[in-house]
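Summary of the model geometry
Listed below are the residues making up each chain.
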Amino acid sequence: MESVLQAFILIPFIGLLISLIISNKNEHLISGVAYSTAGIQLLTSASFIILWAVYGYPTLNIKEIELFNSKNYKFYIDFYFDPISAVYLIVGCIITFLVTIYSKTYMHREVGYKRFFNTILFFYLGYNLVILSGNLETLFIGWEILGISSFLLIAFYRERYLPVKNGVKVFSIYRLGDVGIILTMWASHHFWNENITFTQLSNDQLVYEHLLTHNFIGIFLSLMILISAAVKSAQLPFSFWLPRAMEGPTPSSAIFYGSLAVHLGVFLLLRTFPFWEHQIYIRILIGITGLITSIITTGIARVQSSIKSQIAYSSIAQIGIMFIEVAAGFETLALIHFAGNAFLRSYQLLVSPSVVTYLIREQFYNFNPRPLTFEDSLPKRIENTLYILSLKEWNLDNFMFRYLWKPFKMAGNKLKLINLSNTLIVLIPVYSIGLYLLFNQQIISKTPLTILPITFSIIGLLMILKSFSERRNVLLSWILVIMNHFWIALAIGFNEQFSFNQIELYLSGVTICGALGYFCLRRLKSLESNISLERFHGYCHKHPILSNLFLLACLGEAGFPISPTFIGEDVLFSHIHEDQVALAFLVSLSFILNGLAIIRIYSRVFLGTYTKSNNDIQYRAA
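Residues numbered from 1 in each chain as written. Predicted model: local features only at pLDDT ≥ 70, side-chain atom pairs only at ≥ 80, totals over all residues. Heavy atoms only, no water.

1. Quick look at the overall build of the protein
Worth spelling out the cut-off: Under the DSSP-based scheme used, a helix requires at least four consecutive residues in state H or I and a strand at least two consecutive residues in state E, with every element numbered from the N terminus. The quantity called the radius of gyration is restricted to C-alpha atoms. Its globule counterpart is 2.2 Å times the number of residues to the power 0.38. Only protein chains enter the area calculation, which uses a 1.4 Å probe; residues under 20% of their type maximum are buried, those over 50% are exposed, and those in between are partly exposed. Residues count as neighbours in contact if any of their non-hydrogen atoms are within 4.5 Å of one another.
Scanning the protein from terminus to terminus reveals 25 helices and 2 strands. Here the protein has a C-alpha radius of gyration of 25 Å; the compact-globule value for 622 residues is 25 Å, and the two agree. Taken along the three principal axes of its C-alpha coordinates, the protein extends 85 × 65 × 60 Å. Looking at the protein as a whole, 58% of its 622 residues are labelled buried. Within the protein, residue pairs in contact and separated by at least 24 positions form 79% of the contacts whose partners lie at least 6 positions apart.

2. Quick word on the pattern of salt bridges
Note the threshold: What makes a salt bridge here is a side-chain nitrogen of Lys or Arg within 4 Å of a carboxyl oxygen of Asp or Glu, nothing more.
For the coordinates displayed, the defined rule picks out 7 salt bridges. Here Arg244 and Asp397 are joined by a salt bridge, their closest N and O atoms 3.4 Å apart. Of the two residues, Arg244 is situated in helix α10 (residues 241-244) and Asp397 in helix α18 (residues 396-414); the sequence distance between them amounts to 153 residues. In this structure, the salt-bridge partner of Glu470 is Lys466, at a minimum N-O distance of 3.5 Å. Side by side, Glu470 and Lys466 carry an identical accessibility label, which is buried. Here the salt bridges share partners, and the residues they tie into one network are Lys169, Arg244, Glu393 and Asp397.

3. Some remarks on the nonpolar core
Quick note on the threshold: By nonpolar core is meant a set of buried Ala, Val, Leu, Ile, Met, Phe, Trp, Tyr and Cys residues that side-chain atoms within 4.5 Å join together.
Membership of the largest hydrophobic core comes to 209 residues, with the highest contact counts inside it found for Phe81, Tyr88, Tyr127, Trp241 and Tyr257. Among the elements that make up this core, the one with the highest residue count is helix α6 (residues 161-192) (17 residues). What Tyr257 contacts, discounting residues up to four positions off in sequence, is Ser150, Leu153, Ile154, Tyr174, Trp241, Leu242, Ala245, Met246, Ser252 and Val262.

4. A closer look at the packing of aromatic side chains
What counts here: For Phe, Tyr and Trp, rings pair up if their centres lie within 6.5 Å, where Trp contributes its six-membered ring, and each pair is then called stacked (planes under 30 degrees apart), edge-to-face (over 60) or tilted (otherwise). A positively charged side chain is recorded as over a ring if its NZ (Lys) or CZ (Arg) lies within 6 Å of the ring centre. The angle to the ring normal must also be within 35 degrees.
Evaluated as defined, the whole model comprises 30 aromatic pairs. Over the ring of Tyr157 we find Arg160, and its NZ or CZ is 4.4 Å from the ring centre. Across the ring face of Phe468, the terminal group of Lys409 is positioned such that the distance to the ring centre comes to 5.9 Å.

5. Notes on the packing of α6 against helix α9 (residues 215-232)
Packed helices, taken two at a time, are described by the angle between their axes plus the distance between the axes. As a reminder, the rule being used: Only the stretch in contact is used when fitting a helix axis, every axis being a line fitted to C-alpha atoms; angles between N-to-C directions are given from 0 to 180 degrees. For classification purposes, an angle smaller than 35 degrees is called roughly parallel, one larger than 145 roughly antiparallel, one from 65 to 115 roughly perpendicular, and anything else oblique. Handedness of a crossing follows from how the near helix is turned relative to the far one, being left-handed for an anticlockwise turn of less than a right angle and right-handed for a clockwise one. Just so you know the grouping, Ala, Val, Leu, Ile, Met, Phe, Trp, Tyr, Cys and Pro go in nonpolar, Asp, Glu, Lys and Arg go in charged, and all remaining residues, Gly too, go in polar.
Where α6 contacts α9, the axes come no closer than 8 Å and their chain directions differ by 155°. By the angle between their axes, α6 is roughly antiparallel relative to α9. Between α6 and α9 lies a crossing whose hand is left-handed. By residue class, the composition of the contact of α6 with α9 is 14 nonpolar, 7 polar and 1 charged.

6. Some points on unusual backbone geometry
Look at the link from Leu236 to Pro237: it is a cis peptide, with omega at 5°. The residue Pro237 is located in the loop between α9 and α10 in this model. Phi angles above zero are rare outside glycine, and Glu393 is one such case at about 55°. Relative to the elements of secondary structure, Glu393 occurs in the loop between α17 (380-391) and α18.

7. What to know about empty space enclosed by the protein
For the record, the criterion: Think of a 1 Å grid over just the protein atoms. A cavity is a set of points where a 1.4 Å probe fits yet cannot get out, a pocket is an open set with protein on both sides within 12 Å along at least five of seven lines, and lining residues have an atom within 4 Å of a point. Grid points are joined across faces, edges and corners, and a volume is the space filled by probe spheres set on the points.
Overall, the coordinates contain 3 cavities of 30 Å³ or more when judged by the stated rule. Of the pockets and cavities examined, the largest cavity occupies roughly 110 Å³. What lines the largest cavity is a set of 13 residues, and nearest its centre among them are Ile148, Phe171, Leu555, Ala558 and Phe560. Looking at the lining of the largest cavity, the elements that each hand over two or more residues are α5 (136-154), α6, α23 (544-557) and α25 (581-606).

Pasting the structure below:
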């Protein structure tokens, strides 16, 4: 029975491969492959779940592929199936099947018709990897696929300024969740001293014994799980991204942000519940997070002028209640709540264009005064204050920009000495000295040897800060992204003695993808006079091949699971000791900004309107 789990991954993967080779003009075949793939998956899943129920709902686990193996670390694909997976699987199959059928007509004659269905199948592959994952490493592969497919769906109308801007904004928040999972894997490695599976996580005795001896790491591990879940499910203070994600086509909003992907934070909490259920403070924190989110987003939903935003904030409020249910231990209730909310929000989003038309007509012919609500019983000053705060969405967007991203941009703007000539003249010799010391550590005393990892990681962070804030020289920004990876590898190389094959694994993907990206930018620069980062250029319309190649280079450079960098990031993190919080923080911050700098380069150079428009807003910086 375990072998059937592989089919749930292979079916969407094969459908995606077939869809990629179909001509852009053959809409009937493109959509046919998409809903046939979803239909086959639905029939297979339903049959499997019935058979699984007949056998008494056994928990299934299968170790599939070992991608990397060293003395202290293993990276392998592991699949796991239990009632949680079953509910998420069947709900995902039904909604995906219905949405793909709906999209066949809705997306008719759209320029990106094929691109839309390819992205939907790509998302569906990532979704199945997450819900069937048997360990954190497998879950992280699907998690990353969901992140990039999210960006592609939001920025689907890539000739417009606002979808591209919001796509970058949502990706920036998703990046926090990605690094949260990386830190979860890092802490988990030190907590268990091995790659733990979700099967082992269900062993209460094993978890209890480790929590007694590693209490601090256990709390940190639970907090990282909570942050990742809150980011993915748009809980406070990250709630603002979900309405911005509605810039994509309505079907993608229904399948992605209304029903499936936005509930994966709840899935993460359900899957890791056996670990943190005995940490009462974590359960209280999760419950408080859900409660505050539900209260605030309910108020925001009531004052939205856009029906998509109303649905988005209403869904966030319901997910907040699911957080409370999971924290209280009502797992079955949370699963029922997930299924009901997912179907409801999908339906609401799919019919939202018709609802808008209906309400516009109704307000002229059947006007009814607004009925009294709870807010009307409050003092007028408090009512008006709550109304203004809800109307401004509690300034969550502005808060994140002002206190999270703006300081990094300001710090990067101060680094005026970092330019192409100084990078080549000063930093490369310094890096060469660092390599010499790395291979001759016996000549260094113990104290400097403990300082060098922090020193080199700070230099790497300065590189990516400059890249993140660079507005003119796109080649400098890309080179600094590559150098950031090299400095991180050097920093962790000093941290402890381990095989340099692991660093080579990490840097091999960085080098190949970095060279491909540099070639694309040099080629584009020879064809176009201006490729600065001061505005969106939209060169994907004129140079689609270069755009696709550079996107692949960006994915590999950011650690997406198409290059060895993906495995290398996790392997290198395993060599950061549990007491080296500063080093883990610096490397994590570098990975966050690295992904943002990369997606910023791609968006500014290749997305947006290509031909000049009379509307100046599209040239304003995001």
